[in-house]
There are 2 protein chains.
Amino acid sequence: MKIGIIGSGNMGRSLGILWAEQGHEVFFGSRTTKKGKEVAEIAGQTTQGGSNDEAAAFGDVLLYTVRGVHPAEVFSSTSVIDNKILIDCNNQEISENFDYPAITQSLAEKLAAEVPNAKVVKAFNTMAQELFELAPIPLKNYNVSVFVAGDDESAKQTVIQLVQEIGFQAINCGELRHARLIESAGDLIRLLMIQQQMGSYATISVRSLPPAETQRLGGRQASNLK
Amino acid sequence: MKIGIIGSGNMGRSLGILWAEQGHEVFFGSRTTKKGKEVAEIAGQTTQGGSNDEAAAFGDVLLYTVRGVHPAEVFSSTSVIDNKILIDCNNQEISENFDYPAITQSLAEKLAAEVPNAKVVKAFNTMAQELFELAPIPLKNYNVSVFVAGDDESAKQTVIQLVQEIGFQAINCGELRHARLIESAGDLIRLLMIQQQMGSYATISVRSLPPAETQRLGGRQASNLK
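Criteria and cut-off values
Residues numbered from 1 in each chain as written. Chains lettered and ligands numbered in written order. Predicted model: local features only at pLDDT ≥ 70, side-chain atom pairs only at ≥ 80, totals over all residues. Heavy atoms only, no water. Helix = DSSP H or I, 4+ residues; strand = E, 2+ residues; numbered from the N terminus. Rg over C-alpha atoms; globule rule 2.2 N^0.38 Å. Buried < 20%, exposed > 50% of the residue type's maximum accessible area, 1.4 Å probe, protein only. Areas by Shrake-Rupley, 256 points an atom, 1.4 Å probe, with all protein chains shown as cover. UniProt positions renumbered as here; feature names shortened; annotations may be inferred. Disulfide = S-S within 2.5 Å. Pairing = 2+ DSSP bridges. Axes fitted to C-alpha atoms, helices over the stretch in contact; angles between N-to-C directions. Contact = heavy atoms within 4.5 Å. Salt bridge = Lys/Arg side-chain N within 4 Å of Asp/Glu carboxyl O. Parallel < 35°, antiparallel > 145°, perpendicular 65-115°, else oblique. Left-handed = near helix turned anticlockwise from the far one by under 90°. Nonpolar A, V, L, I, M, F, W, Y, C, P; charged D, E, K, R; others polar.

Novice: Explanation requested: the overall build of chain A in the structure shown.
Specialist: Broken down by element type, chain A carries nine helices and nine strands. For chain A, whose C-alpha radius of gyration is 19 Å, the value lies close to the compact-globule estimate of 17 Å for 226 residues. Taking the principal axes of its C-alpha atoms as reference, chain A extends roughly 65 × 40 × 35 Å. Out of the 226 residues belonging to chain A, those deemed buried represent 58%. Accessible surface, chain A: about 8,900 Å² in total, of which carbon and sulfur atoms supply 46%.

Here is the structure:
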């Protein structure tokens, strides 16, 4: 797969390197060609680097790590991301005392409204960059969730594949409008990491447990509780 | 501990039974004395039952399962819950197509505003009743989170103890205002259970993984990703 990283900070660098390790072609984009090239040099392997425009033109899938800037300012023209799969991994800024405002519109939905010809998929907003050090092994053993939401089913399936390849568990959350709940989970985990001092390796795992009747409970509790 | 269950539906019955099994004194309250007594009869053990007023007078800790009704209508006088620990386990109703409104004020904060003399603690809103069939064993093995928030530290610690005794992992989320994030997690897990068909045994686990340097990664990835 050809993957363009839009904004090659911590998040972009880490995910770009992991995908390159899986054999994908990765292009690190940045505000300046020079910085993009520097990131590719450090990342090594077969990665390339340059401007955000070049990264967008290169990739079929784009990781969008830029926040708080209209895409028209990130690219010379937003037409460069027409029909591309655009992974939005952003969260709102952390407010003073973690007094987050309620999310009435998600960043992902806002982005989708700004670039209606791109296929926006929400993913990768509920973990700190440190966690990527564990990918794909031993991460696979921990069953850490990446919550994924998007309106284009095929784009979402591509992102789910990219999630799984680096050792995460993809949790399909349906339509893009549910990004609001996913971003709220991003707020919650950052509260736990920082204010509640769980640290950067705090993770969220969603899974279905085996039902009671398969667990030889003898039926006592199960029947009592009905 | 003396525990009063306010509203003895699925949630109240299940938790009441589990706490009674742990040796607590449990009183099932309901809108009518008759219904409360019936629940206690089915629950068995040493449980008692009667009206919500009686349950509130009985318990030092109250599980509040009533939603969408002002406490002044649940009790003959709200003074009956003065100084009590009040566990709010509620979520907003599921909207059509899971198009939940953004939570600008949590149910827990609303309740705390309505009964300022009670010590409201948010907990137990991110799982379905079926999960209680697994408590406390084998649930303990699964590390399922109960998110807990409250402004009274001692009340919160009491609730954390009650959470842990029945096999859950308590996640301290700080002040009651963070109940907004916890209720949003309640919305997310119900979306996953129902729309995304993960079923009633879908769970959320938050935990801190061991850092990369303790996991003998050889430092390659960890250094590359910085």
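Having put the structure on the table, let's press on.
Novice: Help me understand the UniProt feature "domain: Pyrroline-5-carboxylate reductase catalytic N-terminal" (unreviewed entry) in chain A, please; the structure alone is not making it clear to me.
Specialist: Within this numbering scheme, the UniProt entry marks residues 2-91 of chain A as carrying the feature "domain: Pyrroline-5-carboxylate reductase catalytic N-terminal" (unreviewed entry). Counting secondary structure, residues 2-91 of chain A comes out at 38% helix and 26% strand; the distance between its end C-alpha atoms is 25 Å.

Novice: Which parts of the structure should I look at to understand the state of the cysteines?
Specialist: Structurally, a disulfide amounts to a covalent bond that connects the sulfur atoms of two cysteines. Under the defined criterion, the tally for this structure stands at zero disulfides over all chains. Cys173 of chain A supplies the cysteine sulfur nearest to Cys89 of chain A, a cysteine that is in no disulfide, at a spacing of 16 Å.

Novice: Please clarify how the sheet that holds strand 5 (residues 85-88) of chain B should be interpreted in this entry.
Specialist: Strand-to-strand pairing in sheets goes through backbone hydrogen bonds, with the strands running parallel or antiparallel. Residue and element names in this part refer to chain B. Read across the open sheet, the eight strands follow the order 3-2-1-4-5-6-7-8; overall the sheet is mixed. Whereas interior strands pair on both sides, the edge strands pair on one side only; in this sheet they are strand 3 (48-51) and strand 8 (169-172). For this sheet, the mean inter-axis angle between neighbouring strands, taken without regard to orientation, is 25°. With two bridges connecting them, strand 6 (residues 119-122) and strand 7 (residues 145-150) associate as antiparallel partners. Pairing of Lys122 across the sheet is with Ala149, part of strand 7. Across the sheet, helix 1 (residues 10-21) touches strand 1 (2-6), strand 2 (25-30), strand 4 (61-64) and strand 5, and the angle it forms with strand 2 is around 165°.

Novice: Can you walk me through the environment of Asp99 of chain A in this structure?
Specialist: All names here are of chain A. Among the structural elements, Asp99 can be located in the loop between strand 5 (85-88) and helix 5 (107-114). Exposure remark for Asp99: the relative accessible area of 48% places this residue in the partly exposed category. A sequence separation of 41 residues divides Asp99 from Phe58, and the C-alpha atoms of the two residues are 39 Å apart.

Novice: What is the right way to read the side chain of Ser51 of chain B from this model?
Specialist: All names here are of chain B. By the element assignment, Ser51 lies in strand 3. A relative accessible area of 15% places Ser51 in the buried class. When residues no more than four places from it in sequence are discounted, the contact partners of Ser51 are Phe27, Gly29, Ser30 and Thr33.

Novice: Looking at this structure, I do not really get the pattern of salt bridges. What am I missing?
Specialist: Pairing between side chains of opposite charge can happen when the charged atoms of each approach one another. By the definition in use, this model includes 16 salt bridges over all chains. In this structure, Arg177 of chain A engages Asp99 of chain B in a salt bridge whose closest nitrogen and oxygen atoms are separated by 3.6 Å. With Arg177 of chain A in the loop between strand 8 (169-172) and helix 8 (179-194) and Asp99 of chain B in the loop between strand 5 and helix 5 (107-114), the pair connects residues from two separate chains. Overall, Arg177 of chain A belongs to the partly exposed group, its relative accessible area being 25%. Each member of the salt-bridge network shares a partner with another, and the members are Asp88, Lys122 and Glu183 of chain A.

Novice: Quick question: what am I supposed to make of the packing of helix 8 of chain A against helix 8 (residues 179-194) of chain B here?
Specialist: Each pair of packed helices gets described by two things: the angle between the helix axes and the distance between those axes. Contact pair helix 8 of chain A / helix 8 of chain B: the axes reach a minimum separation of 9 Å and the direction vectors enclose 135°. With respect to helix 8 of chain B, the element helix 8 of chain A is oriented oblique. Here the hand of the crossing between helix 8 of chain A and helix 8 of chain B comes out left-handed. Of the residues in helix 8 of chain B, those in contact with Leu181, Ser184, Ala185, Asp187, Leu188 and Leu191 of chain A of helix 8 of chain A are Leu181, Ser184, Ala185, Asp187, Leu188 and Leu191 of chain B. Counted by class, the contact of helix 8 of chain A with helix 8 of chain B contains eight nonpolar, two polar and two charged residues.

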